[in-house]
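So the chains spell out like this:
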Amino acid sequence: MDSTGAESSAGTGAENGKAAVSFTKAAPAPTPAPTTEEAPDIQSHDTFVIKKKLSLMAGEYVVSVARPDGTEGEPVAYAREKRLSLRGQVTVYTDASRKSVLAAFKGRDHEVGYMYDVRDASGQSFGSFYEDAGASFLRRTWQVRQPGTMKLTGRERSRVVAFVRFVWEFVPYLEYVPFIWPYRFKYTESGKPLMTVTKKLGLHTRYVLEILAPDIDRRLAIAHTLALDALEVD
């Protein structure tokens, strides 16, 4: 009687142990926490600071949300220019690890010269821009297109700076040197100002992008601002 009871008790314990193990394996895995590779919420911000980092290997940029005093705040994107690219190629990443793409653009042949399509990580185009060669003779002019939303015309505001830039490009060897003087582009649609890009004077190449229309895709605006610098010497 005791022996049978002992065996029964032992068997019951083993079965309980197996049940516990089986229950543990069947438990659902916890939901993983969001990673830094996810795209940051940049659409809710209106002003960004884009700073070029000194690098011998490639043109690298850090995009930050601007603080009220105009200084760099939280970084929201990182960009790298592909060297020796005749048509200009820049990829924008969500973080410094460069594992997740936020946007990218590359030039292609077009009747206006080069057209730059801006695409997301899946390769889907959500905007484009090109330099208006005819209008750029005296003042550099860009056309920025966001399908189904708006068509922006961006033009240098200062005729004096535009003239100095024009002369700069025809001085021997200087055409291979980035234009160091600060300048400002104003972007309008039907005469209404919707965006500005200002290059600041300083030891480091630095731009301030200010967006005045909530519908402008921040990824497109950032990509175009990067192009103003990356394509300057191309």
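So, a few notes on the structure that sits alongside this text. On a predicted model such as this, the values are computed, not experimentally measured, just so you know.

1. Topic: the nonpolar core
- Counting 43 residues, the largest nonpolar core has Phe48, Phe129 and Ile216 as its most contacted members.
- In terms of residues, this core owes the most to one element, helix α3 (residues 218-230), which gives 8 residues.
- Contacts of isoleucine 216, omitting those with residues within four sequence positions, involve Gln43, Gln146, Met150, Leu152, Leu194, Met195, Ile211 and Ala221.

2. Description of empty space enclosed by the protein
- Enumeration according to the criterion identifies 1 cavity of 30 Å³ or more in this entry.
- Here the largest cavity is characterised by a volume of approximately 50 Å³.
- As for the largest cavity, its lining consists of Val144, Arg145, Gln146, Met150, Leu152, Met195, Ile216, Leu220 and Ala221.
- Going through the elements one at a time, β8 (141-146), β9 (150-156) and α3 are the ones with two or more residues in the lining of the largest cavity.
- Split into classes, the residues belonging to the lining of the largest cavity amount to 7 nonpolar, 1 polar and 1 charged.

3. Some points on the packing of aromatic side chains
- Considering all chains together, one arrives at 7 aromatic pairs under this definition.
- Ring plane angle 80 degrees and centroid distance 5.6 Å describe the contact between tyrosine 183 and phenylalanine 185, whose orientation is recorded as edge-to-face.
- The exposure class assigned to phenylalanine 185 is buried, which follows from its relative accessible area of 0%.
- Pairwise contacts between aromatic rings join Phe105, Tyr114, Tyr116, Phe129 and Trp142 into one cluster.
- Directly above the aromatic system of phenylalanine 126 lies the positively charged group of arginine 219, at a separation of 3.8 Å from the ring centroid.

The rules behind each value
Residues numbered from 1 in each chain as written. Predicted model: local features only at pLDDT ≥ 70, side-chain atom pairs only at ≥ 80, totals over all residues. Heavy atoms only, no water. Core = buried A, V, L, I, M, F, W, Y, C linked by side-chain atoms within 4.5 Å. Buried < 20%, exposed > 50% of the residue type's maximum accessible area, 1.4 Å probe, protein only. Helix = DSSP H or I, 4+ residues; strand = E, 2+ residues; numbered from the N terminus. Contact = heavy atoms within 4.5 Å. 1 Å grid on protein atoms, 1.4 Å probe; cavity = no way out; pocket = protein on both sides within 12 Å on 5 of 7 lines; lining within 4 Å. Points joined across faces, edges and corners; volume = space filled by probe spheres on them. Nonpolar A, V, L, I, M, F, W, Y, C, P; charged D, E, K, R; others polar. Phe/Tyr/Trp six-rings, centres within 6.5 Å; stacked < 30°, edge-to-face > 60°. Lys NZ or Arg CZ within 6 Å of the ring centre and 35° of its normal.

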